[in-house]
Amino acid sequence: MFKKPVDVKTVQRLSGADKKKLRRTAKERFPQASDADLDAILPPKGEITLAKYPNHALVYAIEGEFPMIFNIDARGHDLFPTVYALWKVPHLLPAFTLKGGEVSRYVIGGADLMFPGISIPPEGFHSFEAGQPWAVKVPGNPAPIAVGITTMSSTEALKAGLRGKALRILHYYRDMLWDSADARYVPNEGFFEDIVVEDPNFVSTSQSPDSAEGTPEVTHESEDAAVDSSDTADPGIHNEATEEITDGINELKLPEDKSAEQAPDEKEHQTLTTEEIDSLLDKCLLQALYTSIKEKDLPMPGSTLWPPGVTLDIKKSSHKKLSQWLQSKSSSGLISAKEDKYKKEVILLGINRKHPDYMAFKPEKRVQEPVEQEKSVAESSVTKQLEVAEIYKPSSHVKPIFMAVEADMEKYYSALEASDVVFRYVEKENLVKPTDKAKVILDVTLCDALYKGAIKKGSAYPTEIHKKDLGSTLLNRMQVHHKVTRGTQEVIRKGAIRTIQIMTERRQGNKKMTRLSGLECFLMDPDSLASELQKKFACSTTTAELPGKKGQYEVLVQGGVIDDLAKHLVDHYGVPKRYIEVYDKTKR
């Protein structure tokens, strides 16, 4: 909500009566907050300002200090605390804890939070409903990094197998609302520009005396998607390269943690020095450069060199930050890199494979796994878990039906879920025809929902409907949307999904050209596909923006490769055949 810079429309001081009203509303919204907690974020004797934004957001701030509370639609009582408020009162909201600090990179990049990126506590999640405010935390760091609103209830989440979107992020550390404070700050040493990790001070005070300190921690997290990056995903990032780099670094044998076998007085001698951590980082980089990164993968984001599967504490190195580490390697001549000023990220441009460090390094060999397992992993990475689903949102026509059974009007429904809603209404109102159980009697509410405005003027409205037609008739009165998921990316768009069109036509003389369009619908990057097809078919390829259709591109492939291209989309990208239309104009 505060991703992009926006000018404030007006700023005004709240009167005494308005401050009391705001405090009462905050008390209702955050019932776990004590009077002292409310005093911390809304001081009784301090001046409170109200800033109104063009996107209808209202922001309440302590004058001369920090924004504390915001309202997303300027109506009702839907108040949310800012991260500044949560840093003062961390328990103000319940919080999801991420699986690792690496996931925070996406959250503070503006992505929504997905269930696979959340660490599930042993006792399970606390009960929650859709539309509730929740915070986001990093393990080992008490300060929340984001605030959002739940997209489904805990019951619905369990039914969905803890898959899908958990939290729609409204505000996060380093967004424009955080940046609007003149004296903006970070709460502890775990907060960096592009990532949030555990707070070393918090960890050291909370660790038991028997725990080992300073050893590099290597964890292997779930390979499931951690976040919904539909808003922030960069199509230039090669997912295959990322997986290979993860494998390459995981091959590297880091020192084992033997602290558990040591006596307590010997453990402090096991702490790695700064020089040893620097050496391990360099080995990780050389292992990745040697075994995984190919010239065709460049340029690529420097963050790709730090995969989610490995969490070596870079804060304890001499570089402190990933970007500074990469810049130092660039200065030494091992790699060439530059900083993207817009994304504030270091981009890896090239590798000097004649550098003395590179030539002297001997990579560790990859452990061979069974062929069957390699094949299944390869097939999984090829298809990239593409999922296409048609979903529906309630319209004004069917609103009375959904409200009657207390169904969520803001939720997206599958065809089966929408049909279940209308049958719940039929059961509630006892509308099944007594003499014919296969038919439903239409009362006024159900009849209007299904047919009002759709029946020609002067025609009689039906009085009953067959059960087999009830669900499909309701769907025709709802707003059609489609959801496409590929790996960590997920988008929901209005309308039915468009197909990919592959068309071969004849150019000058007897030359053929194949056009490929509609890739954006399936989260495929035209430039990356064009480069891939150029090598696969050994022909020239190019991309061009479709005339009059901003943001939509087509890939032009030399030759009549229409059938091979369709097969490639199905086998390599997992696009269902029903979503591919083929036209061969050369046969007409």
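No experiment lies behind these values; they were computed from the predicted model shown.

Each value, and the rule that gives it
Residues numbered from 1 in each chain as written. Predicted model: local features only at pLDDT ≥ 70, side-chain atom pairs only at ≥ 80, totals over all residues. Heavy atoms only, no water. Phe/Tyr/Trp six-rings, centres within 6.5 Å; stacked < 30°, edge-to-face > 60°. Helix = DSSP H or I, 4+ residues; strand = E, 2+ residues; numbered from the N terminus. Buried < 20%, exposed > 50% of the residue type's maximum accessible area, 1.4 Å probe, protein only. Lys NZ or Arg CZ within 6 Å of the ring centre and 35° of its normal. Core = buried A, V, L, I, M, F, W, Y, C linked by side-chain atoms within 4.5 Å. Contact = heavy atoms within 4.5 Å. Pairing = 2+ DSSP bridges. Axes fitted to C-alpha atoms, helices over the stretch in contact; angles between N-to-C directions. Salt bridge = Lys/Arg side-chain N within 4 Å of Asp/Glu carboxyl O. Arc of directions from axis to C-beta. Left-handed = near helix turned anticlockwise from the far one by under 90°. Nonpolar A, V, L, I, M, F, W, Y, C, P; charged D, E, K, R; others polar. pLDDT = per-residue confidence, 0-100. Polar contact = N/O pair within 3.5 Å; in protein donor to acceptor, adjacent residues only side chain to side chain.

**Concerning the packing of aromatic side chains**
Okay, step 1: Following the criterion strictly, the structure yields 17 aromatic pairs and no others.
Okay, step 2: Judged by centre distance (5.2 Å) and plane angle (65°), the rings of Phe 66 and Tyr 185 are edge-to-face. Placement of Phe 66 in the loop between strand S3 (58-62) and strand S4 (67-71) and of Tyr 185 in the loop between helix H6 (176-179) and helix H7 (200-206) is noted, with a sequence separation of 119 residues between them.
Okay, step 3: The partly exposed category is assigned to Tyr 185, whose relative accessible area is 30%.
Okay, step 4: Pairing Tyr 84 with Tyr 185 gives two aromatic rings, centres 5.5 Å apart and planes at 40°, and the pair type is tilted. Pair noted here: Tyr 84 is in helix H3 (residues 83-88) and Tyr 185 is in the loop between H6 and H7, with a separation of 101 residues, a long-range link.
Okay, step 5: One aromatic cluster is present, built from ring pairs that chain together Phe 66, Tyr 84, Trp 87, Tyr 173, Trp 178, Tyr 185 and Phe 191.
Okay, step 6: Sitting over the ring of Phe 80, Arg 29 keeps its end group 4.9 Å from the ring centre.

**Things to note about the nonpolar core**
Buried together is how nonpolar side chains tend to be arranged in soluble globular proteins.
Okay, step 1: Counting residues in hydrophobic clusters, the biggest one holds 65 residues, and the most contacted among them are Ile 41, Tyr 60, Leu 113 and Ile 145.
Okay, step 2: Once residues lying within four places of it in the same chain are set aside, the contact partners of Tyr 60 are Leu 14, Leu 22, Ile 48, Thr 49, Leu 50, Pro 67, Met 68, Ile 69 and Leu 79.
Okay, step 3: Among the nonpolar cores identified, the runner-up in size contains 29 residues, and Val 491, Ile 502, Leu 533 and Val 557 belong to it.

**Points about the sheet that holds S4**
Okay, step 1: Strand order in the open sheet formed by 5 strands is S1-S2-S3-S4-S5, and the pairing between neighbours is antiparallel. The open sheet is flanked by strand S1 (10-13) and strand S5 (79-81), the only strands paired with a single partner. Adjacent strand axes in the sheet meet at a mean angle of 25°, parallel and antiparallel pairs treated alike.
Okay, step 2: Relative to S4, S3 runs antiparallel, the two sharing 4 bridges. When the sheet's bridge partners are listed, Leu 58 is paired in S4 with Asn 71.
Okay, step 3: Against the sheet, helix H1 (residues 16-29) contacts strand S2 (48-52), S3, S4 and S5, and its axis sits at roughly 80° relative to S5.

**Overview of the sheet that holds strand S15 (residues 387-393)**
Okay, step 1: Spatially, S15-S18-S19 is the arrangement adopted by the 3 strands of the open sheet, whose pairing is antiparallel. Two strands close off the open sheet at either side, each with one partner strand: S15 and strand S19 (489-494). Strand-to-strand twist across the sheet, computed as the mean angle between neighbouring axes with direction ignored, equals 20°.
Okay, step 2: Inspection of the sheet shows strand S18 (residues 479-486) paired to S19 by 6 bridges, in the antiparallel sense. Bridging across to S19, His 482 finds its partner in Arg 493.

**A few points about the pattern of salt bridges**
Okay, step 1: A full pass over the atoms with the stated rule returns 16 salt bridges.
Okay, step 2: A salt bridge links Lys 468 to Asp 469, with the nearest nitrogen and oxygen atoms 3.4 Å apart.
Okay, step 3: Accessibility expressed as a relative area gives 30% for Asp 469, which makes it partly exposed.
Okay, step 4: Arg 515 serves as the salt-bridge partner of Glu 554, at 2.5 Å between the closest nitrogen and oxygen. Separated by 39 residues along the polypeptide, Glu 554 in strand S23 (residues 553-558) and Arg 515 in strand S21 (residues 512-517) bring together distant segments of the chain.
Okay, step 5: Relative accessible area serves as the criterion here: at 22%, Arg 515 is assigned to the partly exposed category.

**Examining the pairing of strand S20 (residues 500-506)**
Okay, step 1: Note: S20 against strand S24 (residues 580-584), 5 bridges, orientation parallel. Looking at S24, one finds that Ile 500 is bridged to Ile 580.

**Here's the deal with helix H17 (residues 467-475)**
Okay, step 1: Buried within H17 we find Leu 470, Gly 471, Thr 473, Leu 474 and Leu 475.
Okay, step 2: On its buried face, H17 sits against S15, helix H15 (415-429), strand S16 (439-441), helix H16 (444-451) and strand S17 (464-466).

**Things to note about the environment of Leu 416**
Okay, step 1: One can find Leu 416 in helix H15.
Okay, step 2: It is 9.9 Å that separates the C-alpha atoms of Leu 416 and Ser 472, two residues lying 56 residues apart in sequence.

**Quick look at helix H11 (residues 322-331)**
Okay, step 1: Among the residues of H11, those classed as buried are Leu 322, Trp 325, Leu 326, Lys 329 and Ser 330. End-on view of H11: buried residues confined to an arc of 140°, all on one side of the axis.
Okay, step 2: Phi turns positive one or two residues past the end of H11, at Gly 333, with a value near 95°.

**Concerning the packing of helix H18 (residues 526-537) against helix H19 (residues 562-573)**
Okay, step 1: The contact between H18 and H19 brings their axes to 12 Å, and the two run at 115°. When you trace H18 past H19, the crossing you get is right-handed. Residues Leu 529, Glu 532, Leu 533, Lys 536 and Phe 537 of H18 touch H19, and the partners they reach there are Asp 564, Leu 565, His 568, Leu 569, His 572 and Tyr 573.
Okay, step 2: Taken together, the residues of the contact of H18 with H19 break down into 6 nonpolar, 2 polar and 3 charged.

**Comments concerning the confidence of the model for the chain**
Okay, step 1: Chain-level statistics for the chain give a pLDDT mean of 80 and a share of 80% at 70 or above.
Okay, step 2: Ranking the elements of the chain by mean pLDDT puts helix H9 (residues 264-267) last with 41 and H3 first with 96.
Okay, step 3: Ignoring residues within four places in sequence, the model shows residues 208-227, a span with pLDDT below 50, making 47 contacts including any to other chains.
Okay, step 4: The low-confidence segment residues 229-270, where pLDDT is below 50, has 71 contacts with residues more than four positions distant or belonging to other chains.

**Observations concerning the environment of Lys 428**
Okay, step 1: Tracing the backbone shows Lys 428 in helix H15.
Okay, step 2: Taking the C-alpha atoms as reference points, Lys 428 and Val 405, separated by 23 residues in sequence, lie 8.0 Å from one another.
Okay, step 3: A distance of 2.5 Å separates a polar atom in the side chain of Lys 428 from the backbone oxygen of Ala 404.

**Some details on the side chain of Lys 329**
Okay, step 1: Here Lys 329 shows up in helix H11.
Okay, step 2: Residue classification places Lys 329 among the buried positions, given a relative accessible area of 12%.
Okay, step 3: Separated by 3.3 Å, the side chains of Lys 329 and Asp 282 make a polar contact.
Okay, step 4: Here Lys 329 is in contact with Asp 282, Leu 285, Leu 334 and Ile 335, once residues within four sequence places are set aside.

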